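Spelled out from the first residue to the last, the chains are:
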Amino acid sequence: QAFHMGCCAPNTAMNHSVGGDFAMPSETHDGDQAYSLLKQMCFQPDLSNMMEIHISCKNLPDLDVTSKSDPLVVVYMMDNLTKNYKEIGRTEMVKDSLNPQFVKAIGLLYMFEERQHLKLDVFDVDDENALPSLAGQQYIGSVQLCVHEIVRAEKRALTLSVKNNKKTKPCGTMEIWGETLPDNGSANLIYIDLEGMGFPPHKKVFLKLFRTKDDDDQELVPVYQTEVGKRSGSRIKWRKVTISAFTLMRDDPSRIVGFQLLEWKSSGDHKIVAEQRVPFQTLQDEKAEWAIPNFGTLYFTKVFVQQRHSFLDYVFGGTEISLITAIDFTGSNGDPRSPNSLHYYDLGKSIYSCSPSSRRNSYQL
């Protein structure tokens, strides 16, 4: 398969999924610098690390009658004080699949000196409009483990049985693997415009984007999935891809990124049409294109990396911040709890209310 490279410029858009199955949340790393500073102040060196866990499942039970299950995984971490589980993230929903490979990774802070209990619940989504509520969704099963088990596992990967106490047999398996994140990941964004030409008629196609694993440059990690392209004759357009530079290529333009072009099937058994791996920097050459034999050509019409500055960048760059505070201690105004005081504030009413009975004090007026 030939791959020729080309030009690029900026733009913005939302992330979308196959057939509108899910919307990818923002993948930016605005908090990385803040986390790094917090870590320096609050934690001893090398005793905590930000990390991501990636999730996939195999052989899940089919709970739907006319189609396959639409799985989603919700991740909880136990609060060591209350012993209650609190949600820390969830994957996207994958439509009609018993072997989902989830694109969205779950971020967490690994604490070396703590036992961090995780619970991963798998649901079959029956009412997509009810999300994020899990009421009405069918529970498939759970996996429970501790974060340190992932960290200590070979290649930081574990395969565990999905169990449901109401069923005697496992409800499939779940693979969980983790990777640590550096403290200095950027918040830069990548925008990619894609267009297909000469594609066969009546074909519904979408794309998956991958990057290589940090510890294995031969294995790919899914990081983005487009919606089914909108067709106009033999021309197909997708919504603009927006993804963080850190997520797609770890801020390294020479990093290998992968692409899959897939034909969408209502059964969930999507067919891989073509696959390609290239260094990210080649996508920024003029008129980058991917010639797919007996199918058509995919054009990377615009590829642009936008630098996003953090708050600390502005501080280090010399930004000056001034704060002026005034406190009025005038005793002659009387007790602020009294309605006759100029400082009186009616605690029973919101100062943001539009009701005529909402009262501001004289200084607020």
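Use the structure listed above.
Peer 1: When you look at unusual backbone geometry in this model, what are you seeing that I'm missing?
Peer 2: In this structure, the amide linkage connecting Leu-131 to the following residue, Pro-132, adopts the cis form with an omega of 15°. For Pro-132, the location among the structural elements is in the loop between strand S6 (117-124) and strand S7 (138-146). Even without being a glycine, Asn-59 presents a positive backbone phi close to 60°. The topology assignment puts Asn-59 in the loop between strand S2 (48-58) and strand S3 (71-78).

Peer 1: What is the right way to read the packing of aromatic side chains from this model?
Peer 2: Any two aromatic rings considered together are summarised by their centre-to-centre distance and by the angle between their planes. Counted under the stated rule, the structure contains three aromatic pairs. Here the aromatic rings of Phe-259 and Phe-300 are separated by 5.0 Å at their centres, their planes lie at 70°, and the arrangement is edge-to-face. With Phe-259 in strand S16 (residues 256-263) and Phe-300 in strand S19 (residues 296-306), this pair connects stretches of sequence that are 41 residues apart. According to the relative accessible area criterion, Phe-259 is buried, its value standing at 3%. Lying over the aromatic face of Trp-177, Lys-213 brings its terminal NZ or CZ to 4.0 Å of the ring centre.

Peer 1: Explanation requested: the sheet that holds strand S5 (residues 106-111) in the structure shown.
Peer 2: Sheets are built from strands paired through backbone hydrogen bonds, the pairs being either parallel or antiparallel. On the basis of which strands lie adjacent, the open sheet formed by four strands has the order S5-S2-S9-S8 and antiparallel pairing. The sheet terminates laterally at S5 and strand S8 (157-161), the two strands that pair on one side only. Averaged over neighbouring strand pairs, the angle between their axes works out to 30° when direction is ignored. Here S8 runs beside strand S9 (residues 173-180); their pairing, made up of five bridges, is antiparallel. By the bridge assignment for S9, Ser-161 is matched with Thr-173.

Peer 1: Sorry, what's going on with the pairing of strand S11 (residues 205-213) here?
Peer 2: Each regular strand carries side chains that alternate between the two faces of the sheet. Within S11, nine of the nine residues are buried, which leaves the element mostly enclosed by the surrounding structure. Of the strand pairs in this sheet, S11 and strand S12 (residues 216-225) are connected by six bridges, and their pairing is antiparallel. The partner of Lys-213 across the bridge, within S12, is Asp-216. A loop of two residues connects S11 with S12, the two strands running antiparallel in sequence.

Cut-off values and rules
Residues numbered from 1 in each chain as written. Predicted model: local features only at pLDDT ≥ 70, side-chain atom pairs only at ≥ 80, totals over all residues. Heavy atoms only, no water. Helix = DSSP H or I, 4+ residues; strand = E, 2+ residues; numbered from the N terminus. Phe/Tyr/Trp six-rings, centres within 6.5 Å; stacked < 30°, edge-to-face > 60°. Buried < 20%, exposed > 50% of the residue type's maximum accessible area, 1.4 Å probe, protein only. Lys NZ or Arg CZ within 6 Å of the ring centre and 35° of its normal. Pairing = 2+ DSSP bridges. Axes fitted to C-alpha atoms, helices over the stretch in contact; angles between N-to-C directions.

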